[in-house]
Amino acid sequence: MASTIVPVILTGGTGTRLWPVSRDALPKQFLPFAGDRSTYQETLLRVADPELFAPPVVITGPDFHFFAQRQAEDVGIEATVVVEPMRRDSAAAVAAATMVVHRRDPEAIVLVLAADHVVLDVAPFRAACVAGREAAASGRIVTFGIKPTEPKTSYGYILRGEPIGENGVFAVKRFVEKPDAATAARYVQDGYLWNSGNFLYRADVMIGELEAFEPDIASAAAESVDSAATDLSFLRLDREAFARSPQKSIDYAVMEKTSRAAVVVGAFRWSDIGSWDALLDISARDGDGNAVHGNVVVEGASNCVVHSEDMLTAAVGVKDLVIVSTRDAVMVIPRDRAQDVRELVGKLKAAGRTEVSAHRRVHRPWGYFESIDAGDRFQVKRIVVRSGGVLSLQKHCHRAEHWVVVRGTAEVTLGETVAAVHENESVYIPIGSVHRLANRGKIPLELIEVQTGSYLGEDDIERLEDVYRRIT
């Protein structure tokens with residue numbers, strides 16, 4: 001019986017072109033764009049067949065490890081979550097995750113998947129994994145090529161060479177970068193495949209290629225794994241070692257150099273959701289070709305993407321537009337300029353706009369909070385603490401807080417006193433007092449917090465104890 005495949009899920013993308021929904025504080029892989037679950041959760045479920053796949057290894061950054069773990073748990077997946085201390089592009093992430101797997105089984109078959117990709121046909125995807133496994137076991141590094149449905153300029157392409165065996169696997173004759181429109185049309189006519197950027201290989205083979213082509217990446221990743229620390233249920237790569245890795249993509253580091261490259265043709269619908277117009281390819285459309293999500297009304301509109309995170313968003317008599325609304329930003333752009341969102345985000349960052357990177361809803365290991373209102377010397381927040389969530393024992397130097405419980409029961413520590421605060425009850429937290437909030441109940445705890453004081457920034461927190469071991 002063939003050994004199971006070990007999925008490695010990369011969750012490090014930023015999704016800039018999907019602003020204002022995708023932002024640095026919560027990027028696209030953790031958000032639902034093609035259904036009720038995030039693309040990360042859908043990726044986990046795609047590799048949840050225990051007869052074919054082993055439990056996954058997830059590699060993510062220091063801002064998202066709790067979130068990645070919680071979203072996995074929400075869909076019933078138990079994953080090993082590896083925390084990379086900073087972004088060093090995909091080669092370092094692939095190297096470190098592969099070495100984690102290699103320490104367990106040097107000849108393990110590893111499947112590297114991007115958490116922000118969408119695959120609409122699970123059975124053909126798994127069939128492609130089975131088809132590529134034999135070639136991977138024999139020492140090939142197998143990528144997944146997708147038959148183009150149109151000449152996309154946002155994807156790289158692969159030219160097939162000679163077949164390897166009889167399973168639809170071919171040697172790679174050529175990798176090419178994202179082409180212009182005319183070149184893309186020629187590639188489609190000549191039988192090129194879209195390069196999905198997902199890989200299947202034996203752990204020792206990938207490590208050997210990294211050592212041959214990018215020894216600095218290989219050595220930095222190896223040392224970061226050897227010196228990694230277990231923190232709660234996470235594996236934290238050593239910061240100093242990982243920082244020494246050069247910043248390169250796995251395509252540049254290995255795939256465009258190796259003689260072991262192969263491609264399996266994937267007969268499944270796939271998208272990397274690289275821009276808003278890509279949602280037309282993966283979403284259900286109405287009779288006029290519109291893809292809508294959320295609190296949306298369209299009348300006489302055609303071939304539009306209309307996405308609302310909260311407020312009613314109406315489109316009347318327009319065509320070929322992307323319209324996106326969130327609680328703090330609205331964007332309207334022609335579909336054929338959807339790639340220009342990246343440039344817009346750059347300008348907003350240069351102007352210092354907070355909307356470009358932070359959402360009004362901010363996630364924490366214990367739950368989330370969101371700003372309701374703010375003014376001179378006051379701020380109002382809605383705080384939701386999940387069952388079992390515990391905020392840090394802390395104090396503030398510049399603000400007092402008033403908490404009103406609207407759902408559930410709060411366990412409030414104030415100085416030396418611990419008390420239960422029930423629905424429709426409130427508590428006052430004076431400036432400088434040591435306090436903590438916890439939810440020991442079975443349902444989410446929800447409260448309204450009113451902050452008053454001379455400075456209300458999130459950095460006015462002195463943590464004295466923290467069950468999540470956060471530094472700040």
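All of these numbers come straight from a predicted model, not from anything done at the bench.

(A) The arrangement of the nonpolar core in detail. By size, the foremost hydrophobic cluster in this structure holds 86 residues, and its most contacted members are Tyr-40, Leu-111, Phe-125, Trp-276 and Leu-437. No other element matches the six residues that helix 4 (residues 122-137) contributes to this core. Ignoring anything within four residues of it in the chain, the contact list for Phe-125 reads Arg-46, Val-47, Phe-53, Leu-111, Leu-113, Val-119 and Phe-268.

(B) Looking closely at the sheet that holds strand 14 (residues 291-293). The strand order 14-16-18-19 describes an open sheet built from four strands, whose pairing is mixed. Each edge of the open sheet carries a strand with a single partner, namely strand 14 and strand 19 (330-334). Neighbour-to-neighbour, the strand axes of this sheet turn through a mean angle of 5°, independent of strand direction. Across three bridges, strand 14 lies against strand 16 (residues 305-308) in parallel orientation. Counterpart to Val-292 in the pairing with strand 16 is Val-306.

(C) Representation of the pairing of strand 22 (residues 378-385) in the model. In terms of residue burial, strand 22 counts as a mostly covered element, since seven of its eight residues are buried. By the bridge criterion, eight bridges tie strand 22 to strand 29 (residues 445-453) in an arrangement that is antiparallel. The residue of strand 29 that forms the bridge with Val-385 is Leu-445.

(D) Structural view of unusual backbone geometry. Between Trp-19 and the following residue, Pro-20, the backbone shows a cis peptide bond with an omega angle of 10°. Considering the arrangement of structural elements, one finds Pro-20 in the loop between strand 1 (5-10) and helix 1 (39-46). Even without a glycine there, the phi angle at Asp-320 is positive, about 55°. Structurally, the position occupied by Asp-320 is in the loop between strand 17 (313-316) and strand 18 (321-325). On the accessibility criterion, Asp-320 (33% relative accessible area) is partly exposed.

(E) Looking closely at a nonpolar patch on the surface. Together, Met-311, Val-330 and Val-332 give the surface a local cluster of nonpolar side chains, amounting to about 270 Å² of exposed area. Among the structural elements, Met-311 can be located in the loop between strand 16 and strand 17. Met-311 sits in the partly exposed class, given a relative accessible area of 37%.

Rules of the game
- Residues numbered from 1 in each chain as written.
- Predicted model: local features only at pLDDT ≥ 70, side-chain atom pairs only at ≥ 80, totals over all residues.
- Heavy atoms only, no water.
- Core = buried A, V, L, I, M, F, W, Y, C linked by side-chain atoms within 4.5 Å.
- Buried < 20%, exposed > 50% of the residue type's maximum accessible area, 1.4 Å probe, protein only.
- Helix = DSSP H or I, 4+ residues; strand = E, 2+ residues; numbered from the N terminus.
- Contact = heavy atoms within 4.5 Å.
- Pairing = 2+ DSSP bridges.
- Axes fitted to C-alpha atoms, helices over the stretch in contact; angles between N-to-C directions.
- Patch = residues over 30% accessible without salt bridge, like charges linked within 9 Å, V, L, I, M, F, W, Y side chains within 5 Å.
- Areas by Shrake-Rupley, 256 points an atom, 1.4 Å probe, with all protein chains shown as cover.
- Salt bridge = Lys/Arg side-chain N within 4 Å of Asp/Glu carboxyl O.

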